[in-house]
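Structure assessment
So you can see what is in the structure, the chains are spelled out below.
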Amino acid sequence: MPMPRYTTQFLLSAMAPAQFPAPTVTEIAFLGRSNVGKSSLLNALAGEKAAKVSSTPGRTRAINFFALRDPRGSEKLRFADLPGYGYAKISKSISAEWPKFIEPYLAERGTLKLCVCLVDANVPPQARDAQLLDWLRSVDREFAVVATKIDRLSGNQRVRNLASLREGLKVEHLLPVSAKTGFGIKELWSRMEEL
Ligand code: GDP
């Protein structure tokens, strides 16, 4: 369920800073380990097109940029979907690419106002996620941590897992979401619209 007043348009895939689109609108970056539910969340936020483009062969290792336009066609917001990290074989080559264009994007992009960092609510805190958050803190980048697939947990497990994630990742607030049921999507939109 995308916010009805926006339509999503794929802008471009970038694998080098020279390919980034001109920094003209507020950007929100989406980060997370492979399989965390990033495509599903993007689908819930921005529509099927966004999730589909990002999973196209050749684009999974790029930063994929999407324009969110109002009914008059003017670009209001931009999503930057970053490559999934930290899973099996592919992670090595992806980490090699971080210094080339992902770190420069995250550290230097002036129009980047928020990093939405996804963690799986069903999985204990992961070192790679904690490292990423520490790194974002070190470059003074604002972030929001979203706990995905919350629909899979019962009430008690939810409370327990969210507490353990908050502690392991050293964050005060976690936003639980489910792309499947839509839980938390409105709250995530509110957080993004504060920008
Ligand atoms: P990505 O690799 O981070 O883009 O992850 P995907 O969006 O492809 O999701 C990975 C797997 O988790 C798929 O099998 C999805 O169906 C499942 N998944 C994603 N979001 C949810 C959710 O909110 N609830 C549940 N139950 N499963 C989810």
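On a predicted model such as this, the values are computed, not experimentally measured, just so you know.

The next thing to look at is the pairing of strand E6 (residues 143–148). Burial analysis of E6 places 6 of its 6 residues in the buried class, the great majority of the element. Along E6, one buried face is formed by Phe143, Val145 and Ala147 and the opposite face, lined by Ala144, Val146 and Thr148, is buried too. Across 6 bridges, strand E5 (residues 112–120) lies against E6 in parallel orientation. Along E6, the bridge assignment pairs aspartate 120 with threonine 148. Considered for its hand, the β-α-β crossover made up of E5, helix H4 (residues 127–138) and E6 is right-handed. Following the chain from E6 across helix H5 (residues 155–169) to the adjacent parallel strand E7 (residues 174–176), one finds a crossover that is right-handed.

Within helix H6 (residues 185–193) the residues assigned to the buried category are Ile185, Leu188, Trp189 and Met192. In a view along the axis of H6, the buried residues occupy a sector of 100°, so they form one face of it.

Attention now moves to the nonpolar core. The biggest cluster of nonpolar side chains holds 33 residues, and the ones touching the most others in it are Tyr105 and Leu106. Residue assignment for this core shows that the elements contributing at least two residues are strand E2 (27–32), strand E3 (63–69), helix H3 (90–108), E5, H4, E6 and H5. By residue number, the principal contributor to this core is H3, which donates 5 residues. Ranked by size, the runner-up nonpolar core spans 25 residues in total, among them Phe30, Leu45, Ala50 and Leu118.

The rules we used
Residues numbered from 1 in each chain as written. Predicted model: local features only at pLDDT ≥ 70, side-chain atom pairs only at ≥ 80, totals over all residues. Heavy atoms only, no water. Buried < 20%, exposed > 50% of the residue type's maximum accessible area, 1.4 Å probe, protein only. Helix = DSSP H or I, 4+ residues; strand = E, 2+ residues; numbered from the N terminus. Pairing = 2+ DSSP bridges. Right-handed = clockwise from strand over helix to strand, strands pointing away. Arc of directions from axis to C-beta. Core = buried A, V, L, I, M, F, W, Y, C linked by side-chain atoms within 4.5 Å.

Everything listed here is a matter of coordinates, which is why it stays silent on function.
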